[in-house]
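Breakdown of the fold
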Amino acid sequence: MTCVGSSAATERDVARARSVLSRLALDGRRAANITHVEHVPARGGRTAAWPDWADEVLVGRLRAAGIDQPWVHQAQTAQAAHEGRDVVLATGTASGKSVGYLLPVLSRLLGEPGARAVYLAPTKALAHDQLRAVRSLRLTGVRASTYDGDTPGPEREWVRAHATLVLTNPDMLHRGILPAHRRWSSFFRGLRYVVIDECHGYRGVFGAHVALVLRRLRRVCARYGARPVFILASATVADPGMSASRLTGVDVEVVDTDTSPRGPLDFALYEPPLLGARAGRREHPLAPPSLEVGDRAGVGEQTGVGERAGAVSTPRGENDAPVRRAATAESADLLADLVTEGVRTLVFVRSRRAAEIVAAAARRGLDEVAPELAARVAAYRAGYLAEERRDLESRLRTGELLGVAATSALELGVDISGLDATVIAGFPGTLASLWQQAGRAGRAGQGALAVLVARDDPLDTYLVHHPATVFGRPVEASVFDPDNPYVLMPHLECAASELPLTDEDLVLFGTGARAAVDDLVRRGRLRRRPTGWFWTQRQRPDVDIRGAGGSPVRIVEAGTGRLLGTVDAATSHSTVHQGAVYLHQGATFVVAELDLEDSVAFVEAASPDWTTVAREHTDISIVESTRSARFADVEIHLGTVEVTSQVVGFQRRRLATGEILGQEPLDLPPRQLRTRAVWYTVTAELLAAAGIEPADVPGAVHAAEHAAIGLLPLFATCDRWDIGGVSTALHPDTGRTSVFVYDGHAGGAGFAERGFLRVASWLRATRDAVAACECPAGCPSCVQSPKCGNGNEPLAKAAAVRLLDSVLTAVDPDPAKAPKPREE
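**Thoughts on unusual backbone geometry**
Here the residue pair Glu-793 and Pro-794 is connected by a cis peptide bond, since its omega of -10° sits within 30 degrees of zero. With respect to the helices and strands, the residue Pro-794 is situated in the loop between helix 26 (759-772) and helix 27 (797-811). For Arg-138, which is not glycine, the phi torsion reads 55° and is therefore positive. Following the sequence through the fold, Arg-138 ends up in the loop between helix 6 (124-135) and strand 5 (144-146). Residue classification places Arg-138 among the exposed residues on the basis of a relative accessible area of 55%. Notably, Glu-198 is not glycine yet its phi reads approximately 50°, a positive angle. In this structure, Glu-198 sits in the loop between strand 7 (191-196) and helix 10 (204-223). Among the residues examined, Glu-198 registers a relative accessible area of 5% and is labelled buried.

Right, here's the structure in full:
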């Protein structure tokens, strides 16, 4: 790869970068926001011969589809699976992973009439896309069908009785197939292959749930005398073999050398400007000489709030902090510009609401300059009816749609070729997802453009100012913990309701299974008999594998009684509290009442130009420290904590700019959570040596805590909303100044442990992100948090940098020779 950076850009690099800007239809005003452009050169491919065991008809159909020979990695994966070895294929986007698993699966189904296979996808869209791919081969000996929540009742009967390839998702396997395994007995007896697509997406608590669903699947298969081969497909991740083995519970062979060809890619890192900011502005080598970030002609047209250069009033954030233009607003403008130029573009956003907002804003922009194109922009997200999703996919595939704002439902492999550009509105949480989203453009082998638009967030700030982190760093490993007792026990209940548990089964479920079963017996959920442990209840366990526990809260339209959807009980306080904005299929609602007793939120239709962000107050107590590392004046711990949190209010923020419009208090009960945390403590001597006055200590640790939460997703595959934090000048359990970061899920999800293991790198990135931000005293890009229950007060940005410098000096005095900490 070759680079263009803000520190040493040559004339040739600048010319290439400006060429990228031209393709973006950007003018000089935006050029200063490009912090880096990476040129990823084209790559040739390497092919292999078709294996002699492959079905001749299948090979002929693949050749007719344009696949003359398989790529080497496809052939290696297919051979391993054919020989009965569990295998994971971990290569880049558009590398043809599907051929690697379809070749052995379809050959077996064609050659053995009684053979069966199941394909698991994380989304319905991906399963239906794979169904189209299989049916396009016109193989009369393969009866393929999806089996999900959209499958009509009569068709489900046919699938159970006749389908040889069932395409489904972990949710349906958990709720609809395993509990009814006796009705699927002939299918399980013939099950030869289990394909797990996009397996890198199974992380955190959801990943732990899926890992246990797969152990239940292996157990049911064994009951019917089957031992299927597992074939996993993954984006490029660190240690794919370990992640795949942890997910399935079996040893997995790894194929991770990508031998497919790739077109050239220009990848730009883009930081929206601070609105109206003059202090700390910087020149950029890609900017025209007379223009600077935050102080340039026409800034009002960019902000979308009517503020022109030189105007007195500009949007300000909490505590009068500067704010950047929202990544969604900037991405909507880019989408409109690209569509105007006829560039087929996909914008990735992080939420359903953002998808609707970006698409609507782009359509409004097109109405002013090219009204005939406005109808060629749409949103794509989970939550639409099946017919709506299929229609959108078809229109995008045929080119009728030129621009789409999508959530990760379109990230996960739906084969849409011919796209020219992707715009990523905010870092998607993992480098694997970032590259997967960027790789959606150019899928037909042509050159492509990708733009990462930074959010007003510490992690995004760090990434756009440290391009080596994006382009020169191995991607992260998937983090999940199937031994979490809060996840394990419900699945042991499910397993017992399917078939009585035996001692041999407990080995399958891990080292914590016996203690969990004993606990379930004490609680009366299971009963021990000579032949095993039996489920004692009339109804089967109700376990939501995508939720965080508790009964879901229903969202009901107050005027009509119509059920719009549900949210997890654990997140309801922060997402559907009174006054919260809720979006459903393009329509906006405001929550009129949250009834916790009946688990229902009543909403009313509205059209506010603002969104809401909940504020939480949190206390933490240490249950036990299970691992620790001690240095001079610094201790680092990993352990179990008890967290008490309470949503105390919410902010209203303008959609276009993030400007705070007001705050409202809330009266909601506190909630308790026992989970895992990583924390560090420092002595008074270290604080004094760092020049941090006692009055500044609360602000220093508070700022360091916020930034650390923002940067942990760089090292653990989590979102900042998956974790929380507490900081205090003197914690009663440690007797020291302390900073805690904890997993936001009962029992933990593995994120805190990852932080403990990578603490030096994590805190160094935290320090660098805070120091790199040009704001004078703290802003959302560095030390302010959108969910802070203390109103982001106090915060001492400069003192936080000195604190982190001192901690790093103790923990990691020489980053190049980082000694391992002494654990106790």
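The discussion continues.
**Quick look at the environment of Val-770**
Secondary-structure assignment places Val-770 in helix 26. Between the C-alpha atom of Val-770 and that of Thr-461, which follows or precedes it by 309 residues, the distance is 8.7 Å. Each residue touching Val-770, except ones within four places of it in the same chain, is listed here: Ala-707, Cys-782, Val-783, Lys-797 and Val-801.

**So, the pairing of strand 12 (residues 377-380)**
Residue alternation in strand 12 divides its side chains into two sets, Val-377 and Ala-379 and Ala-378 and Tyr-380, and both sets are buried. Judged from the four bridges that link them, strand 12 and strand 13 (residues 403-406) form a sheet pairing that is parallel. Looking across to strand 13, one finds that Tyr-380 is bridged to Ala-406.

**Considering the packing of helix 24 (residues 697-711) against helix 26**
For any two helices packed against each other, one specifies the crossing angle of their axes together with the interaxial distance. Taken N-terminus to C-terminus, the directions of helix 24 and helix 26 make an angle of 115°; their axes are 9 Å apart at the nearest point. What the angle tells us is that helix 24 and helix 26 run roughly perpendicular. The handedness of the crossing between helix 24 and helix 26 comes out as right-handed. Between helix 24 and helix 26, the contacting residues are Ala-704, Ala-707, Ala-708 and Leu-711 on the first element and Trp-762, Ala-765, Thr-766, Ala-769 and Val-770 on the second. Looking at side-chain class alone, the contact of helix 24 with helix 26 contains eight nonpolar, one polar and no charged residues.

**Quick look at the sheet that holds strand 8 (residues 229-234)**
Strands belonging to one sheet form pairs held by backbone hydrogen bonds; the direction of such a pair is parallel or antiparallel. Across the sheet, seven strands lie side by side as 5-6-4-7-8-3-9; this open sheet has parallel pairing. In this open sheet, the two strands that pair with only one neighbour each are strand 5 and strand 9 (253-255). Averaged over all neighbouring strand pairs, the angle between strand axes comes to 15°, with direction disregarded. Judged from the four bridges that link them, strand 7 and strand 8 form a sheet pairing that is parallel.

**Examining the pairing of strand 10 (residues 265-270)**
Within strand 10, six of the six residues are buried, leaving the element largely enclosed by the surrounding structure. Side chains Leu-265, Phe-267 and Leu-269 of strand 10 all project onto a buried face; the interleaved residues Asp-266, Ala-268 and Tyr-270 project onto the opposite face, where all are buried too. Relative to strand 15 (residues 448-453), strand 10 runs parallel, the two sharing six bridges. For Asp-266, the partnering residue across the bridge sits in strand 15 and is Leu-449.

**What about the sheet that holds strand 19 (residues 563-567)?**
Taken together, the five strands give an open sheet; going across it, the order is 19-18-22-21-20, and neighbouring strands pair in mixed fashion. The sheet is open, and its two edges are formed by strand 19 and strand 20 (581-584), each paired on a single side. Averaged over all adjacent pairs, the angle separating strand axes in this sheet is 35°, with direction ignored. Of the pairings in the sheet, the one linking strand 18 (residues 553-557) to strand 19 comprises four bridges and is antiparallel in character. Bridge pairing in strand 19 places Val-553 opposite Val-567.

**Some words on the packing of aromatic side chains**
Scanning the entire structure with this criterion turns up 10 aromatic pairs. The residue whose ring lies beneath Arg-223 is Tyr-224, and the NZ or CZ to ring-centre distance is 5.3 Å. The ring of Trp-533 is capped by Arg-528, whose NZ or CZ atom sits 4.1 Å from the centre of that ring.

**Thoughts on the confidence of the model for the protein**
Looking at the protein, the pLDDT average stands at 84 and 85% of residues meet or exceed 70. Note that pLDDT drops below 50 for residues 277-312; the model gives that stretch 89 contacts with residues more than four away or on any other chain.

The rules behind these values
- What you see as residue numbers is a count from 1 along each chain, following the sequence as written.
- It should be noted that, the model being predicted, local features are given only for residues of pLDDT at least 70 and side-chain atom pairs only at 80 or more, the latter also being counted only at that level, while totals for whole chains, interfaces and linings use all residues.
- Neither water nor hydrogens contribute to the side-chain values; these are computed over all heavy atoms in the structure.
- Helix numbering and strand numbering both begin at the N terminus, where a helix is a DSSP run of H or I of at least 4 residues and a strand a DSSP run of E of at least 2.
- Burial classification: accessible surface area is computed with a 1.4 Å probe over protein chains only, and a residue below 20% of its type maximum counts as buried, one above 50% as exposed, and the rest as partly exposed.
- When checking whether two residues touch, look at their non-hydrogen atoms; a contact exists if any pair is within 4.5 Å.
- We call two strands paired when DSSP finds no fewer than two bridges between them.
- As a rule, the C-alpha atoms of each element are fitted with a line to give its axis, helices using only the stretch in contact, and angles between N-to-C directions run from 0 to 180 degrees.
- For this classification, under 35 degrees means roughly parallel, over 145 means roughly antiparallel, 65 to 115 means roughly perpendicular, and everything else is oblique.
- Crossings are classed by handedness, with left-handed meaning an anticlockwise turn of the near helix from the far one by less than a right angle and right-handed meaning a clockwise turn.
- Polar here means any residue outside two lists: the nonpolar Ala, Val, Leu, Ile, Met, Phe, Trp, Tyr, Cys and Pro, and the charged Asp, Glu, Lys and Arg; Gly therefore counts as polar.
- The aromatic pairing rule takes the rings of Phe, Tyr and Trp, using the six-membered ring of Trp, and pairs them if the centres are within 6.5 Å, calling planes under 30 degrees apart stacked, those over 60 edge-to-face and the rest tilted.
- Charge-over-ring contacts are defined here by two conditions on Lys NZ or Arg CZ: a distance within 6 Å of the ring centre and an angle within 35 degrees of the ring normal.
- Think of pLDDT as the predictor's per-residue confidence, scored from 0 to 100.

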